Amino acid sequence: MTQPDIRTLGALKKSGYQPRTVKQELRDNLIQKLRNKEEVFPGIYGYDETVIPDLQRAILAGHHINLLGLRGQAKTRIARLLVNLLDEYVPVVAGSELNDDPLQPLSVFAKNLIAEKGDETPVTWLHRDERYTEKLATPDVSVADLIGDADPIKAATLKLPYSDERVIHFGLIPRAHRGIFVINELPDLQARIQVSLFNILQEGDIQIRGFKVRLPLDIQFVFTANPEDYTNRGSIVTPLKDRIDAQIITHYPKSIEIGKRITKQEARIKEEQKGMVTSNEIMHDLVEQVAVEARGSEFVDAKSGVSARLTISAYEQVVAGAERRALINGEKNTYVRVADFISAVPAITGKVELVYEGEQEGAGIVAEKLMGKAIRTLFLSYFPDPDKAKKLKGRPSPYKAVQEWFGTGHTVDILHDASTKDYRAALDQVPGLRDIVTELHPKEDKETTYFLMEFLLHGLSEYSLISRNRLTAGAQFKDLLSSMFTMPSFGEGDDDEDEDERPQRGRRR
């Protein structure tokens, strides 16, 4: 839509234009979208029955909003989407610092210009994208940054005394007049700076040093914050919290499916990567399950949270790992492997805050354990439970042939950079491995079958039926008993067997 063809105050009056507050704009446009059954917050998943209804109620009530939640819960993204509820264009007095409405001028500049030119006062149009202001709260933010201060250079240039209101240099908040102002990470704002917001939120005006200036600002405030006990950097002062009308609590995705939708939408996969690397839903499930495991891990600080950025970064690294392997081997395309998932450890180590026990283990080891648990959890969605299978009387375990082959001293090395030919050859040498996969998943294509064969090996190691040892360039699978006298196992699978059961199984072989 182009700007309205109105360029003077007189033409604006004849058009029938009537001023509206920002909150009224948001309210009216939200009502219209709800009546038309339009999507109000596109790209926001998992909040349809929780956060979004609360947000819509707050807008209808004309409330200032605080989005409270842990890291990576789309708080800033939601705040930015509020711009879509503003009118596409609004008229402003040309040259005004404060986006003055021509029919309701606020600044001295606009009032003087209208008094001088009357209906010939020039009018410009402001797009809604320019009516959004965002400030990240940091300890060095000052009152002058947010509200404003007397500008000695301005006073000298205009040859005005300090008592003249025109020497004020307005801060970010006055310049956001008739728009949306967002303060991210509000608790990080020093308490004395938070106090300066009291009047703006309650009375709608600002105070600048000794000036008797009253500016009834028209602003929709949105704040984002982590729970107060998340960090010792600071908190929201109680009187300010009292002045924020609606506090809406966000949360992490409540299902793997929602998490996958978010990751697929946000992951920055390049077109050349899409053409070279083929993925599958199992890989997406594994990546999402890592975040689920991290949020419940005793090694990870639950108060800190586990951002959705973990899964996004992890999936990007999975694809990048597969792409790198294809480039090294001169292959035009490749299929993701469990090895690509395991090599994405760097995407996890920087995304989780560890408690003392986690620090003792080390970030890398914790990441490997989380990946191991993700494999263990999802294994049961594709294969029989090994713990139950070995307890069935009169019926051999479906994994017996694989276990016995490793029990005779055989090993399999699955290297990260192995070519497709070498990768398949390594898996094909394990007798019974393909039979298990094809029996349970007969309709899968060739690439997925090999992926499931590799996944089966990793799952069996997590259930301690075989051993998985970490190599510099990949992983080695071998008999569990022999691995006790060699290198440590990659990750950590929960072993439900008693220690004295292991030698017995070794003797049976």
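Residues numbered from 1 in each chain as written. Predicted model: local features only at pLDDT ≥ 70, side-chain atom pairs only at ≥ 80, totals over all residues. Heavy atoms only, no water.

### Looking at the overall build of the protein
If you tally the helices and strands in the protein, you get 26 helices and 14 strands. Taking all 509 residues of the protein together, 51% fall into the buried category. If you take every contact in the protein between residues at least 6 apart in sequence, the share linking residues at least 24 apart comes to 74%. Only carbon and sulfur atoms are counted for the fraction: they give 49% of the accessible area of the protein, which is about 24,400 Å². (Helix = DSSP H or I, 4+ residues; strand = E, 2+ residues; numbered from the N terminus. Buried < 20%, exposed > 50% of the residue type's maximum accessible area, 1.4 Å probe, protein only. Contact = heavy atoms within 4.5 Å. Areas by Shrake-Rupley, 256 points an atom, 1.4 Å probe, with all protein chains shown as cover.)

### What about unusual backbone geometry?
Phi at Ala74 takes a positive value of approximately 65°, unusual for a residue other than glycine. Assignment of secondary structure puts Ala74 in the loop between β1 (65–68) and α4 (75–81). On the basis of relative accessible area, Ala74 is assigned to the partly exposed category, the value being 30%. Of note, Ser464 is a non-glycine position whose phi angle comes to about 60°, a positive value.

### What about the confidence of the model for the protein?
Within the protein, residue pLDDT values average 88, and 89% of them lie at 70 or more. A low-confidence stretch, residues 488–509 stays under pLDDT 50, and its non-local contacts, those more than four residues away or across chains, total 36 contacts. (pLDDT = per-residue confidence, 0-100.)

### Focus: helix α12 (residues 256–266)
For α12, the set of buried residues is Gly259, Lys260, Ile262 and Thr263. Seen end-on, α12 carries its buried residues on one side only, within an arc spanning 165°. Against the buried residues of α12 lie α14 (281–295) and α15 (308–329). (Arc of directions from axis to C-beta.)

### A closer look at the sheet that holds strand β12 (residues 412–415)
Across the sheet, 3 strands lie side by side as β12-β14-β13; this open sheet has antiparallel pairing. The open sheet is flanked by β12 and β13 (467–471), the only strands paired with a single partner. Across the sheet, the axes of successive neighbouring strands diverge by a mean angle of 25°, strand direction being ignored. As paired elements, β13 and strand β14 (residues 474–478) share 5 bridges and run antiparallel to each other. Each bridged residue has a counterpart across the sheet, and for Arg470 the counterpart in β14 is Ala475. (Pairing = 2+ DSSP bridges. Axes fitted to C-alpha atoms, helices over the stretch in contact; angles between N-to-C directions.)

### A short note on the pattern of salt bridges
Throughout the structure, instances matching the rule amount to 27 salt bridges. Among the ionic pairs, Glu281 bridges to Lys264, the shortest N-O distance being 2.8 Å. Separated by 17 residues along the polypeptide, Glu281 in helix α14 and Lys264 in helix α12 bring together distant segments of the chain. Among the residues examined, Glu281 registers a relative accessible area of 38% and is labelled partly exposed. The partner of Arg268 in a salt bridge is Glu316, and the shortest N-O contact between them spans 3.3 Å. (Salt bridge = Lys/Arg side-chain N within 4 Å of Asp/Glu carboxyl O.)

### Remarks on the pairing of strand β8 (residues 219–225)
Where a strand is regular, its side chains alternate between the two sheet faces. In terms of burial, β8 is largely enclosed, as 7 of its 7 residues are buried. Judged by which residues are buried, β8 turns out to be covered on both faces: Ile219, Phe221, Phe223 and Ala225 on one side and Gln220, Val222 and Thr224 on the other are all buried. Both β1 and β8 contribute to a ladder of 4 bridges, which runs parallel. Among the inter-strand pairings, Ile65 is bridged to a residue of β8, identified as Val222. Sheet topology places strand β7 (residues 179–184) next to β8; 5 bridges connect them, and they run parallel. Considered in β8, the bridge of Ile180 is made with Gln220.

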